[in-house]
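# What the coordinates show
Each chain, letter by letter, is given below.
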Amino acid sequence: MTRTAILSGLSILFSQWAIGQISTDTLKPAQEMPQVLVVGYKDKLLSKVPGSVSVVRFKEIQQLAPVSGNDIMRRIPGLNVVDEEGAGLRINIGVRGLDPDRSRNLLVLEDGVPVALNPYGEPELYFTPVIDKVRSIEVLKGSGQVLFGPQTIGGVVNLITADPPAEERTELRVKGGQGGFFSTYASYGNTVGNMGFNVSYLRKQADNIGPTWFRINDLSAKLRFQLSDKSSVGLKLGVYDELSNSTYVGITQSMYDAGGFDYARIAPDDRLPVRRYNLSVTHSYQFNPRVQLQTTAFAYTTTRNWQRQDFSSNSSAANQTGVIWGDASISGGALYMLNSNGHRNRQFEVMGVEPRLSIKGKIGSKENKVNAGVRYLYEKANEQFVIGKKADATAGDLRDNEIRSGHALSGYIQDELAISSRFSLNAGIRLESFQYNRRILRGRFSVNGATVVADTNVLAKGNVLVVIPGGGFNFVLNESLNLFGGVHRGFAPPRTKDAITSSGFAIDLDAESSWNYELGLRFNHLNWINGELTFFAMNFDNQIIPISQSSGNSNASGLANGGKTTHKGVEGSLQLDFGKAFSWKHSLMIGSNFTFVDSKYAADRYISSGADKINVRDNKLPYAPSFIWNGTIGFEAKKGFGIRLYANYVSEQYADELNTEMASANGRIGKIDSRMIFDGTAYYQVNKKLSLNISAKNLGDKRYIASRRPEGIKVGMPSFVTAGAELTL
């Protein structure tokens, strides 16, 4: 199915189908688009949410003045964010000890629409919405996820952009910093008669953030039509274009120990262009005050062609350029650059339709609400691997060519029953059916002991059918305290590429499944002190272990059944506003949150290490720090001047299943030490229309290892200062 066919089909469906989202515009009233509520943040106590939640509002985003979405996400309890290139172009989020590689265990939405390449078959986030245009963020980690899918293991993140304003509004936000960093966001919106609109353009670029340069252009528009008192239609269009020198190769351990190579551009000709088109339409119909039908239709295409130079750790490798990085006297301690490259060209298409019905009623005298819906989703991936004969070749010989596609049908229903004015129960069930295939058109095959590249036409198929139950409760102890708890089945389908080998053989790669439990307390007293304490556990029948290149295994081939694992821990948050507590003219705010999690293998699993087989039972999972802490202290004067200091602590973690302490020569294996990073911001509200800000990341210029993968050490972002202005008319 071509991009044109998808967009044409959605144009025909425009009058019937819709995608919902949430408006959180805090500057001026907005014409709220038809909504798919993930959290229900309008209730400050969040008493109706049966799980751990976090909501980041626009004012908080403004105060932090983030360079990338990593700056925001790492401050949310339960999330472990791993920097890859410093610019946050591809976010890596782990939830409660889950592997953060490409955020594959997290369902990420933009305005209620998935953003993964292929939500079922290839859920990686090679595209991440730019934080500069995000209005607010919702994060749901507990029960209630049966309304969303297919990923129901780690949680749901919804990134929300600006809705059409109720009256004319122009916004301009400009930010600049070191290394040629520049970001400008401009938008104009209004409501005329029964139509509201908002058009925005974002330009973001840098010449040198760590080792990275990039150029981003993002154009989007939202329109809302009020057809009648009961009916409204929304439309969202977007075009995203990115070019960067993103690379997999990192520095060796000897380069890190020697210093001076932290941000070296080892493969200067590496290029990653990303182009994304998206379209969604919205129809909401209110039959009566108790019955609402909201229908969703969306389509998007993502093109991701990645050019990466070849290299070797072998000094005798053929076709070398003569460029050597690292210490050649140490076995495996040097990188020998080769005069060739590989082009990983991939094009993805996604199309979905989802009607969602909400019915409020009574069972006896008890208030009851039912949410039910179905969704059909089609996805397709075209993948080619092209061999370039020079380090900077822009074309070459086709080695691999394949097409992967899938059809998914989901159905869900969730019932919320108010047993009393204080106690409520919810229970739901989700059905996921996914049929997928992989057609190999050209590839590498073994013939008489030799590997040859040949055309072929191999088709293999597979399917997954699973029932996902979940339930929870809420008990309002008093006006300030709310007790909640829940249990749900975690599910993630096997990636199509990994469930069927490159020779067309369907392997026994199970779906990822777990039982997730939560028990927590949420409190909010007189709006000056609020927080949340949540105990959680995730018990996996089978956790899928990434062994792909992006997870640091360059010679491996996808994912593996990792067997039983357990994640047990507690997370909490606390915010105090002494200005409100003592009725001061000024505001003094202190905030803190933490996550403690014990993530380990819970059954025998043997890993080869040289000639030995080592049982990793009770070992910590890779990239799963046991403790993460965030602290904030801020002061804001009545006249609009404010200052904030942020701290982020991440405990030590391991880069492999064997929990190897000593670093390998190539830097890919070994313990990653703990770190504490400080950030600071200052801002001033000149008047109702103009505000200024300045921000400093990594105030102490702390040098640390952010990651040892995919292919070597990635050093954390150095001290970085930005300044900006925001104008609203």
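None of the values given here were measured: they were computed from a predicted structure. (Residues numbered from 1 in each chain as written. Predicted model: local features only at pLDDT ≥ 70, side-chain atom pairs only at ≥ 80, totals over all residues. Heavy atoms only, no water.)

### Some points on the overall build of the protein chain
Of the regular secondary structure elements, the protein chain holds 6 helices and 38 strands. Across the 729 residues in the protein chain, those meeting the buried criterion constitute 58%. Summed over its atoms, the accessible surface of the protein chain is roughly 28400 Å², and 57% of this surface lies on carbon and sulfur atoms. (Helix = DSSP H or I, 4+ residues; strand = E, 2+ residues; numbered from the N terminus. Buried < 20%, exposed > 50% of the residue type's maximum accessible area, 1.4 Å probe, protein only. Areas by Shrake-Rupley, 256 points an atom, 1.4 Å probe, with all protein chains shown as cover.)

### Section: the sheet that holds strand 4 (residues 107-110)
Sheet strands line up and pair through hydrogen bonds in the backbone, either parallel or antiparallel. With respect to topology, 5 strands assemble into an open sheet ordered 1-6-7-4-5, the strand pairing being mixed. In this open sheet, the two strands that pair with only one neighbour each are strand 1 (53-56) and strand 5 (113-114). Relative to strand 7 (residues 156-161), strand 4 is paired through 4 bridges, and the arrangement is parallel. For Leu109, the partnering residue across the bridge sits in strand 7 and is Asn158. (Pairing = 2+ DSSP bridges.)

### So, the packing of aromatic side chains
All told, the structure shown has 14 aromatic pairs when counted by the stated rule. Measuring from centroid to centroid gives 4.7 Å for Phe127 and Tyr240, while their planes differ by 75 degrees, and the two rings are edge-to-face. Of this pair, Phe127 sits in the loop between strand 5 and strand 6 (134-140) while Tyr240 sits in strand 12 (residues 231-244); the two residues are 113 residues apart in sequence, bridging distant segments of the chain. When sorted by exposure, Phe127 lands in the same class as Tyr240, which is buried. (Phe/Tyr/Trp six-rings, centres within 6.5 Å; stacked < 30°, edge-to-face > 60°.)

### Here's the deal with empty space enclosed by the protein
The probe, sized like a water molecule, is rolled over the atoms to show the empty space still left. Within the structure shown, the criterion is met by 16 cavities of 30 Å³ or more. By volume, the largest cavity is sized at about 310 Å³. Residue lining of the largest cavity: 28 residues in total, with Pro211, Thr247, Val249, Ala264 and Lys714 positioned closest to the centre. For the lining of the largest cavity, the residue count by class is 14 nonpolar, 8 polar and 6 charged. (1 Å grid on protein atoms, 1.4 Å probe; cavity = no way out; pocket = protein on both sides within 12 Å on 5 of 7 lines; lining within 4 Å. Points joined across faces, edges and corners; volume = space filled by probe spheres on them. Nonpolar A, V, L, I, M, F, W, Y, C, P; charged D, E, K, R; others polar.)

### Topic: the environment of Thr722
Among the structural elements, Thr722 can be located in strand 38 (residues 720-728). Separated by 546 residues in the primary sequence, Thr722 and Gly176 have C-alpha atoms spaced 5.4 Å apart. Thr722 has contacts with Val67, Lys175, Gly176, Gly177, Phe181, Asn693, Ile694 and Ser695, leaving out every residue within four places of it along the chain. (Contact = heavy atoms within 4.5 Å.)

### Comments concerning the nonpolar core
Counting 52 residues, the largest nonpolar core has Met73, Ile93, Ile137, Val157 and Ile209 as its most contacted members. With near-sequence residues (within four places) excluded, Ile137 lies in contact with Ser54, Val55, Val56, Ile61, Ile72, Met73, Ile131, Val157, Asn158 and Leu159. (Core = buried A, V, L, I, M, F, W, Y, C linked by side-chain atoms within 4.5 Å.)

### Side note on unusual backbone geometry
Glycine aside, a negative phi is what most residues show, and trans is what most peptide bonds show. The omega angle of the peptide bond from Gly149 to Pro150 is 10 degrees, so this bond is cis rather than trans. Tracing the backbone through its elements, the reader meets Pro150 in the loop between strand 6 and strand 7. In this model, Arg709 is joined to Pro710 through a cis peptide bond whose omega is 10 degrees. Here Pro710 lies in the loop between strand 36 (705-707) and strand 37 (714-715).

### Concerning the environment of Leu576
Assignment of secondary structure puts Leu576 in strand 26 (residues 565-577). Here Leu576 falls in the buried class, since its relative accessible area comes to 16%. Dropping the residues within four chain positions of it, Leu576 is found in contact with Trp528, Ile529, Leu588, Met589 and Ile590.

### Points about the pairing of strand 28 (residues 606-609)
In terms of strand pairing, strand 28 meets strand 29 (residues 612-615) through 4 bridges, oriented antiparallel. Bridge pairing links Ser608 to Lys613 in strand 29. Hairpin remark: strand 28 followed by strand 29, antiparallel, with 2 residues in the connecting loop; positive phi at Gly610, about 65 degrees.

### Digging into the side chain of Glu85
Checked against the element boundaries, Glu85 lands in the loop between strand 2 (79-81) and strand 3 (93-95). Buried within the structure, Glu85 lacks any salt-bridge partner; Arg90 is the closest side chain of opposite charge, at an N-O distance of 4.4 Å. A polar contact is formed between the side chain of Glu85 and the backbone nitrogen of Gly88, at a distance of 2.7 Å. In contact with Glu85, not counting residues within four places along its chain, are Arg90, Ile209, Pro211 and Thr212. (Lys, Arg positive; Asp, Glu negative; His and termini not counted. Salt bridge = Lys/Arg side-chain N within 4 Å of Asp/Glu carboxyl O. Polar contact = N/O pair within 3.5 Å; in protein donor to acceptor, adjacent residues only side chain to side chain.)

### Focus: a nonpolar patch on the surface
Together, Ile590, Ile633, Leu645, Met676, Phe678 and Leu699 make up a nonpolar patch on the protein surface, roughly 470 Å² of accessible area in all. Relative to the assigned elements, Ile633 resides in strand 30 (residues 627-636). Judged by relative accessible area, which is 42%, Ile633 ranks as partly exposed. (Patch = residues over 30% accessible without salt bridge, like charges linked within 9 Å, V, L, I, M, F, W, Y side chains within 5 Å.)

### With respect to the pairing of strand 8 (residues 169-177)
Pairing geometry for strand 8 and strand 9 (residues 182-192), over 8 bridges, is antiparallel. Within the sheet, the bridge partner assigned to Leu172 lies in strand 9 and is Ala186. Counting the residues in the hairpin turn of strand 8 and strand 9 gives 4 residues, including Gly179, whose phi is positive at 60 degrees. As judged from the 7 bridges shared by strand 8 and strand 38, these two strands associate in the antiparallel manner. The residue of strand 38 that forms the bridge with Gly177 is Thr722.

### A look at the confidence of the model for the protein chain
Summing up the model confidence of the protein chain, the mean pLDDT is 87 and the portion of residues at 70 or higher is 88%. Note on residues 1-28: pLDDT under 50 across the span, and 97 contacts to partners over four residues away in sequence or across chains. Confidence over residues 548-559 falls short of pLDDT 50; this stretch has 41 contacts with residues more than four positions distant or in other chains. (pLDDT = per-residue confidence, 0-100.)

### Some remarks on the side chain of Ser691
Tracing the sequence through the fold places Ser691 in strand 35 (residues 690-697). Excluding residues that lie within four positions of it along the chain, Ser691 makes contacts with Tyr684, Gln685, Val686, Gly724, Ala725 and Glu726.

### Overview of the pattern of salt bridges
Under the definition given, this model contains 45 salt bridges. Between Arg75 and Asp679 there is a salt bridge; the shortest N-O distance is 2.5 Å. A residue pair is termed long-range when its members are at least 10 positions apart, and Arg75 in the loop between helix 3 (69-73) and strand 2 and Asp679 in strand 34 (residues 675-685) qualify at 604 residues. For the pair formed by Arg75 and Asp679, the shared burial category is buried. One salt bridge in this structure joins Arg275 and Asp241, with 2.6 Å as the shortest N-O distance. Placement of Arg275 in strand 13 (residues 272-288) and of Asp241 in strand 12 is noted, with a sequence separation of 34 residues between them. Judged by its relative accessible area of 33%, Arg275 is partly exposed. By relative accessible area, which is 25% here, Asp241 ends up partly exposed.

### Some details on the environment of Ala725
Looking at where Ala725 falls in the secondary structure, it is placed in strand 38. Each C-alpha atom of the pair Ala725 and Leu690 lies 7.2 Å from the other, and the pair is 35 residues apart in sequence. When residues no more than four places from it in sequence are discounted, the contact partners of Ala725 are Leu172, Arg173, Val174, Ser691, Leu692 and Asn693.

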